[in-house]
Amino acid sequence: MQAYVYKSQRKADTFVYLAARDDFERIPESLRAPLGELAFVLEVALTPERKLARENTETVRQNLAARGFHLQFPPRIFDLQDGDAGRSDG
């Protein structure tokens, strides 16, 4: 399965995988608008053996097959100000 990866120009570290190149109509407007312009990054063959840096390949493949797109959001950053950080309940 081929995937076409685009980077959001408005949302840092946010990427869109498409099943067909430049098929932006697959992305609902409510999701597409906040992303702003999407810049093509790469074309990749998503084989079951392929490892992706931040996504589960099978999840991406399933989303592409079912919806025609997959959104990759930035990784969550651990907040040291979180009240639970470093707390021991034992």
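Data block above holds the structure.
Just so it is clear, the model here is predicted, and its values are computed rather than measured. (Residues numbered from 1 in each chain as written. Predicted model: local features only at pLDDT ≥ 70, side-chain atom pairs only at ≥ 80, totals over all residues. Heavy atoms only, no water.)

### Overview of the sheet that holds strand E4 (residues 69-72)
One open sheet holds the four strands; their spatial order is E3-E1-E2-E4, and the pairing between them is antiparallel. Strands at the two margins of the open sheet, each flanked by one partner only, are strand E3 (38-45) and E4. Strand-to-strand, the axes of this sheet are offset by a mean angle of 25°, without reference to chain direction. The sheet contact formed by strand E1 (residues 2-8) and E3 spans seven bridges and is antiparallel. The residue bridging Ser 8 from the neighbouring strand is Leu 38, located in E3. (Pairing = 2+ DSSP bridges. Helix = DSSP H or I, 4+ residues; strand = E, 2+ residues; numbered from the N terminus. Axes fitted to C-alpha atoms, helices over the stretch in contact; angles between N-to-C directions.)

### Some details on the environment of Tyr 17
Considering the arrangement of structural elements, one finds Tyr 17 in strand E2 (residues 15-18). Expressed as a C-alpha distance, the spacing of Tyr 17 and Val 5, which sit 12 residues apart in the sequence, is 4.5 Å. If near-sequence neighbours (up to four positions away) are discounted, Tyr 17 is found in contact with Ala 3, Tyr 4, Val 5, Leu 52, Glu 55, Val 60, Leu 64, Gly 68, Phe 69, His 70 and Gln 72. A distance of 3.0 Å separates polar atoms of two side chains, one belonging to Tyr 17 and the other to Gln 72. (Contact = heavy atoms within 4.5 Å. Polar contact = N/O pair within 3.5 Å; in protein donor to acceptor, adjacent residues only side chain to side chain.)

### Some details on the pattern of salt bridges
Summed over the entire model, instances satisfying the criterion amount to four salt bridges. A salt bridge links Glu 25 to Arg 32; its shortest N-O distance comes to 3.4 Å. When its relative accessible area of 64% is taken as the criterion, Glu 25 is described as exposed. Two residues, Arg 32 and Glu 29, come together in a salt bridge whose shortest N-O distance is 3.0 Å. On the criterion of helical spacing, the pair formed by Arg 32 and Glu 29 is a turn pair, its members being three residues apart in helix H1 (residues 29-35). (Salt bridge = Lys/Arg side-chain N within 4 Å of Asp/Glu carboxyl O. Buried < 20%, exposed > 50% of the residue type's maximum accessible area, 1.4 Å probe, protein only.)

### Considering the side chain of Asn 63
Positionally, Asn 63 belongs in helix H2 (residues 57-67). There is a polar contact of 2.7 Å between the side chain of Asn 63 and the side chain of His 70. Not counting residues within four places of it along the chain, the set of residues in contact with Asn 63 comprises Gly 68, Phe 69 and His 70.

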